[in-house]
Amino acid sequence: MKISRPFLNLACLCILLPALLLIRDAGSQELPVDTEDSASSLGFSATQSAEIADFINQMAARHGLGKQELETTFTKVRRSKRAIKLVLPAPPGKPKNWQAYRDRFVEPIRIRAGVAFWDNFEQDLDKAEKEFGVPAEIIVGIIGVESIYGRHVGSFRVLDVLTTLAFDYPDLPKRDARMAFFRSELEQALLFARESKVDPLSLRGSYAGAIGWPQFMPGSIRRFGIDYDGDNKIDLRKSPQDAIGSVANYLVQHGWRRGDPTVFPVSVAAVNPERLEMLINQGLEAKLDLRDLVSDGVQTRFSVPRDLKYGLIDLQNGEDPTEYWLATNNFFAITKYNRSYFYAMSVVELGKAVRTARNPAATASQ
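Basis of the calculations
- Residues numbered from 1 in each chain as written.
- Predicted model: local features only at pLDDT ≥ 70, side-chain atom pairs only at ≥ 80, totals over all residues.
- Heavy atoms only, no water.
- Helix = DSSP H or I, 4+ residues; strand = E, 2+ residues; numbered from the N terminus.
- Contact = heavy atoms within 4.5 Å.
- Areas by Shrake-Rupley, 256 points an atom, 1.4 Å probe, with all protein chains shown as cover.
- Polar contact = N/O pair within 3.5 Å; in protein donor to acceptor, adjacent residues only side chain to side chain.
- Pairing = 2+ DSSP bridges.
- Axes fitted to C-alpha atoms, helices over the stretch in contact; angles between N-to-C directions.
- Nonpolar A, V, L, I, M, F, W, Y, C, P; charged D, E, K, R; others polar.
- Phe/Tyr/Trp six-rings, centres within 6.5 Å; stacked < 30°, edge-to-face > 60°.
- Buried < 20%, exposed > 50% of the residue type's maximum accessible area, 1.4 Å probe, protein only.
- Lys NZ or Arg CZ within 6 Å of the ring centre and 35° of its normal.
- Salt bridge = Lys/Arg side-chain N within 4 Å of Asp/Glu carboxyl O.
- Expected span 1.5 Å × (residues − 1).
- pLDDT = per-residue confidence, 0-100.

A. Fine view of the overall build of the protein chain. The secondary structure content of the protein chain amounts to 16 helices and 7 strands. Look at the contacts in the protein chain between residues 6 or more apart in sequence, and 75% of them connect residues 24 or more apart. Put simply, the protein chain shows about 16900 Å² of open surface, and 49% of that area lies on carbon and sulfur atoms.

B. View of the side chain of Asn317. Positionally, Asn317 belongs in strand β6 (residues 309-317). In terms of polar contacts, Asn317 uses its side chain to reach the backbone amide nitrogen of Gln99, at 3.0 Å. Here the side chain of Asn317 touches Glu323 through a polar contact of 3.5 Å, side chain to side chain. Aside from chain neighbours lying at most four places away, what touches Asn317 is Lys96, Asn97, Trp98, Gln99, Thr322 and Glu323.

C. Spatial organisation of the sheet that holds β6. Across the sheet, 5 strands lie side by side as β4-β6-β7-β3-β5; this open sheet has antiparallel pairing. Two strands lie at the open edges of the sheet, namely β4 (288-289) and β5 (299-300), each paired on one side alone. For strand β3 (residues 263-267) and strand β7 (residues 320-327), the ladder comprises 4 bridges, and the chain directions are antiparallel. Bridge assignment links Val263 to a residue of β7, and that residue is Ala327. Strand contacts of helix α4 (residues 98-105): β6 and β7, with the helix running at about 95 degrees to β6, the strand carrying the most contacts. Along the sheet, helix α12 (residues 273-280) contacts β4, β6 and β7; its crossing angle with β6, the most-contacted strand, is approximately 110 degrees.

D. Highlighting the packing of helix α6 (residues 122-132) against helix α7 (residues 136-147). Packing of α6 against α7 brings their axes to within 9 Å, and their N-to-C directions diverge by 120 degrees. Mapping the contact onto sequence places Leu125, Ala128 and Glu129 in α6 and Ala136, Ile139 and Val140 in α7. Among the residues making up the contact of α6 with α7, the classes are represented as 5 nonpolar, no polar and 1 charged.

E. How the structure looks around the packing of aromatic side chains. This structure, assessed with the given rule, holds 19 aromatic pairs. With centroids separated by 5.7 Å and ring planes inclined at 55 degrees, the aromatic side chains of Phe216 and Tyr250 adopt a geometry described as tilted. With a gap of 34 residues between them, Phe216 in the loop between β2 (204-205) and α10 (218-224) and Tyr250 in helix α11 (residues 240-253) connect regions that are remote in the sequence. With respect to burial, Phe216 and Tyr250 carry one shared label: buried. Ring-pair connections join several aromatic residues into one group, and the members of that group are Phe216, Phe224, Tyr250, Tyr337 and Tyr343. The lysine or arginine in question, Lys127, covers the ring of Tyr228, its NZ or CZ lying 4.1 Å from the ring centre.

F. Representation of the environment of Ile111. Mapped onto the elements of the fold, Ile111 is located in helix α5 (residues 108-120). Through-space distance from the C-alpha of Ile111 to that of Val354 is 5.2 Å; in sequence the pair is 243 residues apart. Residues in contact with Ile111, not counting those within four places in the same chain, are Val106, Leu350, Ala353, Val354 and Ala357.

G. Focus on the pattern of salt bridges. Within this structure, the stated rule accounts for 12 salt bridges. Salt-bridge contacts for Arg358 lead to Glu122; the nearest nitrogen and oxygen are separated by 3.2 Å. On the criterion of sequence distance, the pair formed by Arg358 in helix α15 (residues 341-358) and Glu122 in helix α6 is long-range, its members being 236 residues apart. According to the relative accessible area criterion, Glu122 is partly exposed, its value standing at 35%. Ionic pairing is found between Asp296 and Arg275, a salt bridge with its closest N-O pair at 3.0 Å. With Asp296 in the loop between α13 (290-295) and β5 and Arg275 in helix α12, this residue pair connects regions lying 21 residues apart in the sequence. Residue classification places Asp296 among the partly exposed positions, given a relative accessible area of 22%. Put simply, Arg102, Glu349 and Lys352 are held in one network by salt bridges that share partners.

H. Region of the structure containing unusual backbone geometry. The phi dihedral of Lys174 falls on the positive side, at around 65 degrees, and the residue is not glycine. Inspection of the secondary structure puts Lys174 in the loop between α8 (158-167) and α9 (175-196). Even without glycine at this site, Asn232 takes up a positive phi of about 65 degrees. Within the element layout of this structure, Asn232 appears in the loop between α10 and α11.

I. Expanded view of α11. The terminal C-alpha atoms of α11, which comprises 14 residues, lie 20 Å apart, in line with the 20 Å expected from a rise of 1.5 Å per residue. Most of α11 sits inside the fold, with 11 of its 14 residues counted as buried. For α11, the set of buried residues is Pro240, Asp242, Ala243, Ile244, Gly245, Ser246, Val247, Ala248, Asn249, Tyr250 and Leu251. Taken together, the buried residues of α11 touch α5, α6, α7, α10 and α14 (329-335). Positioned one or two residues after α11, Gly255 has a phi angle of 110 degrees, which is positive.

J. View of the confidence of the model for the protein chain. Chain-level pLDDT for the protein chain is 89 on average; 87% of the residues reach the 70-or-more range. Every residue in residues 1-41 is under pLDDT 50, and counting partners more than four places away or in other chains gives 119 contacts.

Below, the structure written as structure tokens:
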């Protein structure tokens with residue numbers, strides 16, 4: 001798959017659809033119904049209501065969920081116009097700017113909250129690092145970017161947004177594929193609720209249905225979520241320990257390798273422009289040999305392991321010079337959380353900043 005310069009796109013659909021795009025904190029009150037929506041249909045058209053009815057029949061037949069119970073649940077599901085608006089592509093604007101993006105996430109509030117989080121859950125982070133081989137700072141970076149350590153976990157009812165996006169996705173490219181994705185996640189949300197013995201209408205999350213401290217989509221909770229606090233249940237909404245273990249497990253399941261680094265800064269001034277474009281467009285995967293990259297003119301600034309594969313990534317800075325980095329499989333494992341160079345680098349940078357703020361003397365001696 002050829003990917004041209006990935007960057008954060010608010011409309012991007014990935015496995016997790018991370019919650020760094022959340023609007024407000026979770027609340028306990030019911031969300032208001034949009035006044036221009038029909039109270040009788042809760043906003044869905046007759047055709048969409050018929051499709052939802054078919055979905056209910058399929059869930060009952062395929063998974064043994066009670067049809068009458070599902071019908072009762074879906075009479076309370078509301079079409080979310082806000083979710084529809086928020087998945088629309090951002091209008092053309094300023095050029096991509098890594099430093100501006102970085103400043104949104106590697107900033108004092110997140111760093112201070114990250115230090116407190118690390119201090120409070122040091123034993124759990126150490127346990128995860130030893131068990132999975134994922135450094136504490138990477139786990140801290142992801143949870144900080146996703147939800148500011150549980151502060152912003154989303155206030156949308158998950159069933160509202162998943163049903164809306166499954167049956168009323170905007171008329172955009174790849175609409176059918178995206179509707180299929182959300183329909184699958186709606187199915188997973190109902191199964192997760194049954195397994196967790198919770199009311200599916202009680203689930204809250206992002207405008208795309210991502211849940212909890214690490215902002216996992218329902219399907220990812222069921223596939224990669226783990227019980228890490230020993231209470232015999234997976235609860236990413238209320239258990240930071242479960243979030244820590246689940247993030248580490250997710251990364252390992254998506255290619256994280258114990259002991260490998262993530263990125264190294266490089267200079268590409270000596271690389272032929274056409275060759276540079278080809279090197280960058282290798283997809284979200286480390287598959288280039290360092291020897292070949294050096295032969296092409298890539299110049300490393302630090303000692304770089306020669307036995308690893310790399311990908312060359314570009315972090316554009318608007319009118320300022322673009323930054324170039326060599327990325328390992330561990331960096332690309334982070335992009336499986338969100339298919340964005342900017343996102344993965346912000347995780348790395350936030351984790352590093354929290355580590356430095358927590359123990360500046362140790363960092364300075366390294």
